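Breakdown of the fold
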Amino acid sequence: MNATHASELNDESKVLVEVRGTTGVLTLNRPKALNSLDYDMIKIFDSTLRSWATDDAIEQVVVLSNSKHFCSGGDVKAAREQILQGNQELIDEFFAVEYKMNQFIAEYPKPYTALVSGVNMGGGMGISAHGSQFVVAEGAFASMPEMNIGFITDVGMSWTLQNLPGRPSKNLGKFLGLTGYRLTPDDMCELGLATHKVASLDGVLTPEGSLLIDATPTNPSALSQWFDDIERTFDGSWAEIDARLDNADPEFAALVRELTKQASPSALVATAELFEANAKLNLEDALENERVLAELMRREPDFAEGVRAVLVDKDQSPSFAPQPDPDKYRKVLR
């Protein structure tokens, strides 16, 4: 390690910043919150990545966690608190900065590798799935569970999930976003979301900053059994999808109904429209759609209520608004 910023390696820092050899390393260090990303963490990530992008001494970037879980997503509990206090603009700024950072990662000028274990959801996908390498450990899972908190599939994943290199498909992306289906390492590799599966992350990043990726063979993807059903069902609006489920394979329909039983009707309607709109766009424009729609969703009651039910009171009994007309969401999308 030829350059380490000791002040930033304090155990109290929620993101540890160091340089090992020619490798810039960002380590998530908020284990009690499953490394959920708050605004301070996003700002550290963003400013560090931009600095390293033009630093000739840094040849690659590695992102990882110092605990068994990678990242549970954005800190929506803190966002909810700020919104209830009337600080809506601060939260708008937080998400806007995060989405710009997601775009920057996608076009990063140097190799960017995420080392993922355990839970990887929401905002965690935004700092892992857009890089050049996504190394996933056995036992990990990836998911976008925003429907249950009255929010939308964001951090660029409403675009990425329908443009996965292993199986590009709008309907598949929409299925993953609307259901919050938990992808296994084998699923991730099959779809091209992950580039490597390893038995463990131990030793993958050396003290000198080298990457030693000893990939293990993948098994057949469990998700693949549903590909045909997904293509037949997950097209168009949520109302259209919901109606098709009545005539779908009973086992598949039961799976979708179970995965969406606690979802916000508004989130399902809005997110289906988001995927449709973003099917015609590039990542940058899709992120802008997410930003605008997310601002609208955070101003509706389902967001605060969903976060309360899932993460604050944890009663899993939200009182959501009735299913809305999709037009109000279509109007704000490109």
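For the chain, the name recorded in an unreviewed UniProt entry is 3-hydroxyisobutyryl-CoA hydrolase, with Corynebacterium riegelii as its organism. Per its UniProt entry, the chain bears the Catalytic activity (unreviewed entry) comment "3-hydroxy-2-methylpropanoyl-CoA + H2O = 3-hydroxy-2-methylpropanoate + CoA + H(+)".

1. A word on the confidence of the model for the chain
Within the chain, residue pLDDT values average 96, and 96% of them lie at 70 or more. Here residues 1-11 scores under 50 on pLDDT; set against residues more than four positions off or in separate chains, the count is 23 contacts.

2. Points about the sheet that holds strand β4 (residues 112-116)
Read from one edge of the open sheet, six strands run β1-β2-β3-β4-β6-β8, paired in mixed fashion. Bordering the open sheet on either side are β1 (15-20) and β8 (196-198), each of which pairs with just one other strand. Strand-to-strand, the axes of this sheet are offset by a mean angle of 20°, without reference to chain direction. With six bridges connecting them, β1 and strand β2 (residues 23-28) associate as antiparallel partners. Each bridged residue has a counterpart across the sheet, and for Leu16 the counterpart in β2 is Thr27.

3. Concerning the pattern of salt bridges
In the structure shown here, the tally under the stated rule is 25 salt bridges. Close ionic contact of Glu273 with Arg330 constitutes a salt bridge, the shortest N to O distance being 2.8 Å. Here the residue Glu273 occupies a position in helix α11 (residues 265-278), and Arg330 occupies one in helix α14 (residues 327-330), the gap between them amounting to 57 residues. For Asp315, the salt bridge identified is with Arg308, shortest N-O distance 2.7 Å.

4. Here's the deal with unusual backbone geometry
Phi is positive for Asn35, close to 60°, though the residue is something other than glycine. Along the polypeptide, Asn35 turns up in the loop between β2 and α1 (39-53). The buried category is assigned to Asn35, whose relative accessible area is 0%. Here Gln316, not a glycine, exhibits a phi torsion of approximately 55°, which is positive. The topology assignment puts Gln316 in the loop between α13 (301-312) and α14.

5. Quick look at the side chain of Gln88
Summarising the element assignment, Gln88 is placed in helix α3 (residues 88-106). Taking the relative accessible area as the measure of exposure, Gln88 reaches 11% and is therefore buried. Residues contacting Gln88, with those up to four places away along its chain left out, are Gln82, Ile83, Arg298 and Arg299.

6. Observations regarding the packing of α3 against helix α12 (residues 283-298)
At their nearest, the axes of α3 and α12 sit 10 Å apart, and the two run at 160° to each other. In terms of axis orientation, α3 runs roughly antiparallel to α12. Helix-helix and strand crossings are classified by hand; for α3 and α12 the assignment is right-handed. Counted together, Gln88, Ile91, Asp92, Phe95, Ala96, Tyr99, Asn102, Gln103 and Ala106 of α3 and Leu283, Glu284, Leu287, Glu290, Arg291, Ala294, Glu295 and Arg298 of α12 form the full contact between these two elements. Counted by class, the contact of α3 with α12 contains eight nonpolar, three polar and six charged residues.

7. Quick notes on empty space enclosed by the protein
Overall, the coordinates contain one cavity of 30 Å³ or more when judged by the stated rule. Looking at the largest cavity, its volume works out to about 30 Å³. Lining the largest cavity are Asn148, Gln262, Ala309, Val310, Gln316, Ser317 and Pro318. Looking at the lining of the largest cavity residue by residue, the classes come out as three nonpolar, four polar and no charged.

8. With respect to helix α6 (residues 170-179)
Along α6, nine of the ten residues are buried, which leaves the element largely enclosed by surrounding structure. All of the buried residues in α6 are Asn171, Leu172, Gly173, Lys174, Phe175, Leu176, Gly177, Leu178 and Thr179. On its buried side, α6 packs onto α7 (185-191), α8 (227-233), α9 (238-245), α10 (250-259) and α11. Two or three places before Asn171, at the start of α6, stands the capping residue Ser169, its side-chain oxygen 3.3 Å from that residue's backbone nitrogen. Positive backbone phi, approximately 65°, marks Gly180, located one or two places after α6.

Conventions adopted
- Residues numbered from 1 in each chain as written.
- Predicted model: local features only at pLDDT ≥ 70, side-chain atom pairs only at ≥ 80, totals over all residues.
- Heavy atoms only, no water.
- UniProt positions renumbered as here; feature names shortened; annotations may be inferred.
- pLDDT = per-residue confidence, 0-100.
- Contact = heavy atoms within 4.5 Å.
- Pairing = 2+ DSSP bridges.
- Helix = DSSP H or I, 4+ residues; strand = E, 2+ residues; numbered from the N terminus.
- Axes fitted to C-alpha atoms, helices over the stretch in contact; angles between N-to-C directions.
- Salt bridge = Lys/Arg side-chain N within 4 Å of Asp/Glu carboxyl O.
- Buried < 20%, exposed > 50% of the residue type's maximum accessible area, 1.4 Å probe, protein only.
- Parallel < 35°, antiparallel > 145°, perpendicular 65-115°, else oblique.
- Left-handed = near helix turned anticlockwise from the far one by under 90°.
- Nonpolar A, V, L, I, M, F, W, Y, C, P; charged D, E, K, R; others polar.
- 1 Å grid on protein atoms, 1.4 Å probe; cavity = no way out; pocket = protein on both sides within 12 Å on 5 of 7 lines; lining within 4 Å.
- Points joined across faces, edges and corners; volume = space filled by probe spheres on them.
- Polar contact = N/O pair within 3.5 Å; in protein donor to acceptor, adjacent residues only side chain to side chain.

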